[in-house]
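Observations on the three-dimensional arrangement
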Amino acid sequence: MFQTTPSSPAEPAVPHAGGVSEDEFRAALARLTAGVVLVTAHDPEEGPRGEDVGMTATAFMSVSLDPPLVMVSVRNGSRMDELLERQPHWAVSVLSEGQRHIAGRFAMKGRISDRLLFEDMPVVRGEHTDAPLAVGALAMLECRTEQRVTAGDHTLVVARVLAAAAPAAEGGPLTYFRGRYRTLG
């Protein structure tokens, strides 16, 4: 089997019931390069005109071509999880290497209100979802939730793609590897 080393010399890693510690799991999965997306939705129930909500995600993938399905993983109890439970329409902007600031902005813990996060960000509204899409993204998808699956401390949200576009954005994709945003090249 694998030989593992503790996360710090003074403290051995504490394994979960399955035998792998949270530190070991994170260290191993940090070696998986992932694309970075901005998941957005419009919350019509928040305030007089509603409010836009967004989150950075690296756990996003294509699920099916026929029908066109995608999946995003959201943390249970997060604002996005609660919103997507009652709002089936949402959108995804596949971020370009020049949009690292957007990824960081929407990934902050203890961040300011979503309204302020979107305030100076150029967006277009999704025709099918009314969700904001980041101008300059490599690709944009509008989605409708078809299924929610609880998976540990996250929920997998499977959605049908209602519209997809690949604008002529410059540069390559923004990626996430070993706990940092990176670019290809």
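The structure under discussion appears in the preceding block.
Conventions adopted
Residues numbered from 1 in each chain as written. Predicted model: local features only at pLDDT ≥ 70, side-chain atom pairs only at ≥ 80, totals over all residues. Heavy atoms only, no water. Pairing = 2+ DSSP bridges. Helix = DSSP H or I, 4+ residues; strand = E, 2+ residues; numbered from the N terminus. Axes fitted to C-alpha atoms, helices over the stretch in contact; angles between N-to-C directions. Contact = heavy atoms within 4.5 Å. Buried < 20%, exposed > 50% of the residue type's maximum accessible area, 1.4 Å probe, protein only. Arc of directions from axis to C-beta. Salt bridge = Lys/Arg side-chain N within 4 Å of Asp/Glu carboxyl O.

Our focus in this paragraph is the sheet that holds strand β6 (residues 89–94). Taken together, seven strands build an open sheet; the order of strands is β3-β2-β6-β9-β10-β5-β4 and the sheet is antiparallel. Edge positions in the sheet fall to β3 (51–57) and β4 (60–64), since each of these pairs with one other strand and no more. Strand-to-strand twist in this sheet, taken as the mean axis angle between neighbours without regard to direction, amounts to 35°. The sheet contact formed by strand β2 (residues 37–43) and β6 spans four bridges and is antiparallel. Directly across from Thr 40, in β6, lies its bridge partner Ala 91.

Before going further, it helps to spend a moment on unusual backbone geometry. Cis geometry is adopted by the peptide bond preceding Pro 67, which originates at Asp 66 and carries an omega value of 5°. Note on placement: Pro 67 falls in the loop between β4 and β5 (69–75). Despite not being glycine, Asp 130 has its phi angle at roughly 65°, a positive value. Inspection of the secondary structure assignment puts Asp 130 in the loop between β7 (123–125) and β8 (132–134).

In this structure, Val 135 sits in the loop between β8 and β9 (139–151). Taking the C-alpha atoms as reference points, Val 135 and Pro 167, separated by 32 residues in sequence, lie 9.0 Å from one another. Sequence-distant contacts of Val 135, that is, excluding residues within four places in its chain, are made with Gln 99, Pro 122, Val 123, Val 124 and Met 140.

The next subject is the pairing of β2. The element β2 is extensively covered by neighbouring structure, given that seven of its seven residues are classed as buried. Burial along β2 is two-sided: Val 37, Val 39, Ala 41 and Asp 43 and Leu 38, Thr 40 and His 42, pointing in opposite directions, are all buried. Relative to β3, β2 runs antiparallel, the two being bridged by seven bridges. The partner of Val 39 across the bridge, within β3, is Met 55.

With that settled, consider helix α3 (residues 100–107). Of all the positions in α3, only Ile 102, Ala 103, Arg 105 and Phe 106 are classed as buried. The arc that holds the buried residues of α3, viewed along the axis, is 165°, so those residues lie on one side. Residues of α3 that are buried make contact with β2, β3, α4 (114–118), β8, β11 (174–177) and β12 (180–183).

Right, let's get into the pattern of salt bridges. Side chains bearing opposite charge may pair, as long as their charged atoms lie close to each other. Within this structure, the stated rule accounts for 10 salt bridges. Of the charged contacts, one joins Arg 86 and Asp 43 as a salt bridge, the two residues approaching to 2.9 Å between their closest N and O atoms. Of this pair, Arg 86 sits in helix α2 (residues 79–86) while Asp 43 is found in strand β2, placing the two residues 43 residues apart along the sequence. On the basis of relative accessibility, which here comes to 43%, the residue Arg 86 falls in the partly exposed class. For Arg 160, the salt bridge is made with Glu 146, and the minimal N-O distance between the two is 3.0 Å.

Right, let's get into the sheet that holds β11. The strands that make up a sheet pair up through hydrogen bonds in the backbone, lying either parallel or antiparallel. If you walk across this open sheet you meet the three strands as β1-β11-β12, and the pairing is antiparallel. The two strands at the open ends of the sheet, each matched to only one other strand, are β1 (34–35) and β12. In this fold α3 packs onto β11 and β12, with an angle of close to 160° to the strand it touches most, β12.

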